[in-house]
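Observations on the three-dimensional arrangement
What follows is each chain in one-letter form.
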Amino acid sequence: MEHINFLAFAMPAFFLFLFIEFKIAQRKKRPEIFNYESSVSNISIGIAERLINLFITASFYQAYYFIYNNYRFFDIPANAFVWFALILATDFVWYWYHRLGHEVNFFWAAHIVHHHSEEFNFSAAARITTFQAIIRTGFWCVLPYIGFHPTMVITMLIVHGAYSFFTHTQLIGKIKWLEYVFVTPSVHGVHHASDEKYLDKNYGDMFTFWDRLFGTFQTEEEKPKYGLTHPLKSYSFLWQHFHYYFEIYELMKRSKGFKAKWKAVFGSPAHMDQDIRPILEKRFLQDKANPNQRLRFKNYLYIQLGISTLLLTVFTYYFEFLSGFDKVFVLSIILITLINCGALLEQRKWIYYLEYARIYMIAVYFLYEEGLMIFFFIPLGIMIFAEQLFSLSKRYQNVVLQLESSE
């Protein structure tokens, strides 16, 4: 599809604006806007979402066309008035998708990842999971059903997404007169806050009048404290994606009777047992230790994120021309790298074996491309021999997992 090539420039553009924001924050002497660990986590999740969506985005568009061609309620022409109506309709659907994403456990499990970050900047805008993309696509299917042409819907969703990206920053203060109509960074910052007075407020993505109409609008008063009311104690890439599904499952096990189990899945997150997450974090070893220590060898993380971004950009541009094997290989390599980044932040010693797996996958890929798969055991033998001869695991841990105080 032609739009895929356009998407190849999404990540480079994201990093450009993130770099500009970082430099402005430095000039204004506001270092609190950025946190190293949180930024790495945010970027990793953004890369994963862009990567996985490459495999399913076409299905989203096909669903819009299928509904429009077979079930549309009206034949809506394309003119200036209709475009205006569409942008209102898009934001109205978003409001209810977003609100239900905070009020229903099953939807919150997909959306909570966006709220993990305790910093509020452009990197936080990247915290979108594929689960969330699938759910909101289901809501947006109502637009082609009404009769808006899929091309118009897709165009408007791109505009809508671009606008919401720029509302994730602290560098723009309150613009009170604008907030009567439009969502500003101050308005959206309230939505990301964990302060009690700010909870479950400001669901609109472009316009504030839906929140004003339905009683969920809150202007910024005290400076917000960003993140969850009960912060996640892990930077693990996988745990951040799946922890709330585990929490729902644990609540279902504790619940007796169909009604109680139904509420565990479709009830309110406000009723989630708060002792479940700490228990699961200890069970799955996701309880962060040494909160005042961080990696000294940060450049290794930067290199991995940089390579992942470059690989994703090239992969996106040539996606249609690659074989299924090539696609699975790139998908696997990038996902393993992102898991590796989260494990590095938490100083997990087992990442050394993940490094071996990544090297072996790359070696096998080139052997496959050259028709030499019969020699697949050779790279494995070399790695085992090198480990026994040079004790690489100890060297790796001593260099890559060095710590320094973050105080």
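From a predicted model like this one, the values you see are computed outputs, not experimental measurements. (Residues numbered from 1 in each chain as written. Predicted model: local features only at pLDDT ≥ 70, side-chain atom pairs only at ≥ 80, totals over all residues. Heavy atoms only, no water.)

**A word on the pattern of salt bridges**
For the structure shown, the criterion picks out 14 salt bridges. For the salt bridge of Arg99 with Glu103, the shortest nitrogen-to-oxygen distance reads 2.9 Å. Note that Arg99 and Glu103 are positioned in helix α4 (residues 80-103) at a spacing of four residues, about one turn of the helix. Here Arg99 falls in the buried class, since its relative accessible area comes to 17%. Among the ionic pairs, Asp273 bridges to Arg254, the shortest N-O distance being 3.6 Å. Of the two residues, Asp273 sits in the loop between α12 (258-266) and α13 (276-283) while Arg254 sits in helix α11 (residues 237-254), which places them 19 residues apart along the sequence. What makes Asp273 partly exposed here is its relative accessible area of 31%. Each of Glu250, Lys253, Arg254, Asp273, Asp275 and Arg283 takes part in salt bridges that share partners, so that together they form one network. (Salt bridge = Lys/Arg side-chain N within 4 Å of Asp/Glu carboxyl O. Helix = DSSP H or I, 4+ residues; strand = E, 2+ residues; numbered from the N terminus. Buried < 20%, exposed > 50% of the residue type's maximum accessible area, 1.4 Å probe, protein only.)

**Some words on the layout of surface pockets**
The calculated volume of the largest pocket comes to roughly 1,200 Å³. For the lining of the largest pocket, the secondary structure elements donating two or more residues are α1 (3-7), α2 (10-27), α3 (36-71), α4, α6 (130-140), α8 (150-165) and α9 (185-191). The dominant element in the lining of the largest pocket, judged by the number of residues it contributes, is α3, at ten residues. (1 Å grid on protein atoms, 1.4 Å probe; cavity = no way out; pocket = protein on both sides within 12 Å on 5 of 7 lines; lining within 4 Å. Points joined across faces, edges and corners; volume = space filled by probe spheres on them.)

**A closer look at the packing of helix α14 (residues 299-317) against helix α15 (residues 324-345)**
Running from N to C, α14 and α15 point in directions that differ by 155°, and their axes come no closer than 10 Å. In terms of axis orientation, α14 runs roughly antiparallel to α15. When the axes of α14 and α15 are compared, the crossing they make is left-handed. Between α14 and α15, the contacting residues are Tyr300, Leu301, Gln304, Leu305, Ser308, Leu311, Leu312 and Phe315 on the first element and Lys327, Val330, Ile333, Ile334, Thr337, Leu338, Asn340, Cys341, Leu344 and Leu345 on the second. Residues that form the contact of α14 with α15 fall into these classes: 13 nonpolar, four polar and one charged. (Axes fitted to C-alpha atoms, helices over the stretch in contact; angles between N-to-C directions. Parallel < 35°, antiparallel > 145°, perpendicular 65-115°, else oblique. Left-handed = near helix turned anticlockwise from the far one by under 90°. Contact = heavy atoms within 4.5 Å. Nonpolar A, V, L, I, M, F, W, Y, C, P; charged D, E, K, R; others polar.)

Remember, this is a structural readout, not a statement about activity or role.
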